Amino acid sequence: MKVEKELLKAVVAIARQSDNLEELDLFFQEIFTPGELADLSLRWKLLTDLDRGMTQRKIAEKYGISLCKITRGSKILKKKNSIVFKILRQAVKAVDKGEKIDTRK
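Here's a quick rundown of the structure. (Residues numbered from 1 in each chain as written. Predicted model: local features only at pLDDT ≥ 70, side-chain atom pairs only at ≥ 80, totals over all residues. Heavy atoms only, no water.)

## Some thoughts on the overall build of the protein chain
The following threshold applies: Under the DSSP-based scheme used, a helix requires at least four consecutive residues in state H or I and a strand at least two consecutive residues in state E, with every element numbered from the N terminus. Exposure is judged per residue with a 1.4 Å probe applied to protein chains only, and the accessible area is read against the type maximum: over 50% gives exposed, under 20% gives buried, and values in between give partly exposed. Here, residues are in contact when the closest pair of their heavy atoms is within 4.5 Å. The accessible surface values rely on the Shrake-Rupley method and a 1.4 Å probe; as for residues, cover is taken only from the protein chains in view. Here Asp and Glu are counted as negative and Lys and Arg as positive; His is not counted, and neither are the chain ends. Here the site of a charge means NZ on Lys, CZ on Arg, CG on Asp, or CD on Glu.
Each helix and strand in the protein chain was counted, giving six helices and zero strands. Sequence-ordered secondary structure for the protein chain, helices as α and strands as β, is α-α-α-α-α-α. Counting all 105 residues of the protein chain, 22% fall into the buried class. In the protein chain, 34% of the contacts between residues at least 6 apart in sequence involve partners at least 24 apart. Element-wise, carbon and sulfur atoms account for 57% of the exposed surface of the protein chain, whose accessible area totals about 8400 Å². The protein chain carries 23 positive and 15 negative side-chain charges, and their two centres are separated by 11 Å.

As structure tokens, then:
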């Protein structure tokens, strides 16, 4: 299922207008169910762990998840021109340096 362009525009507008993480957190809590947020958070964590070199088996053990979920993330990161890989790398660098994330680079 494709994400509606209007939703994407709204999320981008909110993120660009606000450095207020609490406001963004509340927006996500209102629009997503707790289960959806948990899935999204888990996906980001496993992608980050993969990018940092953790093995799939260690990640499966760490989060109590199947290798299938992790393999999907691994394939995404290996895909040529992956936007997830690009954003993840920028986010990890920015967070490690305490900087803002700029995905327009």
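## What about the side chain of Asp 51?
Note on placement: Asp 51 falls in helix α3 (residues 34-51). Ignoring sequence-local partners within four residues, the contact set of Asp 51 consists of Leu 77, Phe 85, Leu 88 and Arg 89.

## Re the packing of aromatic side chains
Just so we agree on the cut-off: Two aromatic rings from Phe, Tyr or Trp, using only the six-membered ring of Trp, form a pair when their centres are within 6.5 Å; if the ring planes differ by under 30 degrees the pair is stacked, by over 60 it is edge-to-face, and anything between is tilted.
Tallied over the entire structure, the rule returns two aromatic pairs. Judged by centre distance (5.9 Å) and plane angle (80°), the rings of Phe 27 and Phe 28 are edge-to-face. Taking the centre distance of 5.4 Å and the plane angle of 35° together, the rings of Phe 28 and Phe 32 count as tilted. Here Phe 28 falls in the partly exposed class, since its relative accessible area comes to 26%. Given a relative accessible area of 28%, Phe 32 falls into the partly exposed group.

## Some remarks on the nonpolar core
Our working definition: Buried residues of nine kinds, namely Ala, Val, Leu, Ile, Met, Phe, Trp, Tyr and Cys, make up a nonpolar core once their side-chain atoms join them within 4.5 Å.
Among the nonpolar cores identified, the biggest contains eleven residues, and these are Leu 42, Leu 46, Leu 47, Leu 50, Ile 59, Ala 60, Ile 65, Ile 70, Leu 77, Leu 88 and Val 92. Broken down by element, the residue count for this core peaks at four residues, all from α3. Those residues in contact with Leu 50 that lie beyond four places of it in its chain are Gln 56, Ile 59, Ile 70, Gly 73, Ser 74 and Leu 77.

## What to know about the pattern of salt bridges
Opposite charge on two side chains makes pairing possible when the charged atoms of those side chains draw close. Heads up, the rule is: What makes a salt bridge here is a side-chain nitrogen of Lys or Arg within 4 Å of a carboxyl oxygen of Asp or Glu, nothing more.
For the structure shown, the criterion picks out three salt bridges. Residue Glu 6 is joined to Lys 9 by a salt bridge in which the shortest nitrogen-to-oxygen separation is 3.7 Å. One end of the pair is Glu 6 and the other is Lys 9, both in helix α1 (residues 5-17) and three residues apart, which spans about a single turn.

## Section: the packing of α1 against helix α2 (residues 21-31)
As a reminder of what qualifies: Axis lines are fitted through C-alpha atoms, for helices just across the contact stretch, and the angle between N-to-C directions can take any value from 0 to 180 degrees. Under this scheme an angle from 65 to 115 degrees is roughly perpendicular, one under 35 degrees roughly parallel, and one over 145 degrees roughly antiparallel; angles in between are oblique. In this scheme the handedness of a crossing depends on how the near helix is turned from the far one: anticlockwise by less than a right angle means left-handed, clockwise means right-handed.
Contact pair α1 / α2: the axes reach a minimum separation of 10 Å and the direction vectors enclose 155°. Taken as axis vectors, α1 and α2 run roughly antiparallel relative to one another. Here α1 runs over α2; the crossing is right-handed. Counted together, Leu 7, Val 11, Ile 14 and Ala 15 of α1 and Leu 24, Phe 27 and Ile 31 of α2 form the full contact between these two elements.

Function cannot be read off these values alone, since they describe shape.
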